[in-house]
Amino acid sequence: MTRTLILTQINGQKTLVAMDKVVAIRDCEWPVAKKNKYYGELVFENQDENLAVKETVNQIDVMMAKAFGD
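Residues numbered from 1 in each chain as written. Predicted model: local features only at pLDDT ≥ 70, side-chain atom pairs only at ≥ 80, totals over all residues. Heavy atoms only, no water.

A. Focus on the environment of T8. Positionally, T8 belongs in strand β1 (residues 4–8). Looking at T8, the relative accessible area reads 10%, which means it is buried. As for T8 and D20, which are separated by twelve residues in sequence, their C-alpha atoms are 18 Å apart. Those residues within four positions of T8 in sequence are excluded, and the remaining contacts are Q13, K14, V53, K54 and E55. One polar contact links T8 to K14, side chain to side chain, over a distance of 3.1 Å. (Helix = DSSP H or I, 4+ residues; strand = E, 2+ residues; numbered from the N terminus. Buried < 20%, exposed > 50% of the residue type's maximum accessible area, 1.4 Å probe, protein only. Contact = heavy atoms within 4.5 Å. Polar contact = N/O pair within 3.5 Å; in protein donor to acceptor, adjacent residues only side chain to side chain.)

Printed below as a string of structure tokens:
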């Protein structure tokens, strides 16, 4: 069973992410933004590009606990 979450990309589009392919999640910060200045970056195995999403590491952690917790 693939563990997937629906996350929001920086451009506002929703995307379905297979969390079993994610190697790391990093918290990032826009240095000049006053609102919504933090975002998350997903690092995938076997891919050169990372995916930037509006959710932070803590928000993704809570979503995973609710969705996949036993």
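B. Highlighting the pairing of strand β4 (residues 38–44). In terms of residue burial, β4 counts as a mostly covered element, since six of its seven residues are buried. Summarising the sheet, strand β3 (residues 22–29) and β4 pair through seven bridges and their orientation is antiparallel. When the sheet's bridge partners are listed, R26 is paired in β4 with E41. One ladder, built from three bridges, connects β4 with strand β5 (residues 51–53); its direction is antiparallel. Residue pairing across strands places G40 opposite V53, the latter belonging to β5. Counting the residues that bridge the hairpin from β4 to β5 gives six residues, and of these N46 lies at a positive phi of roughly 60°. (Pairing = 2+ DSSP bridges.)

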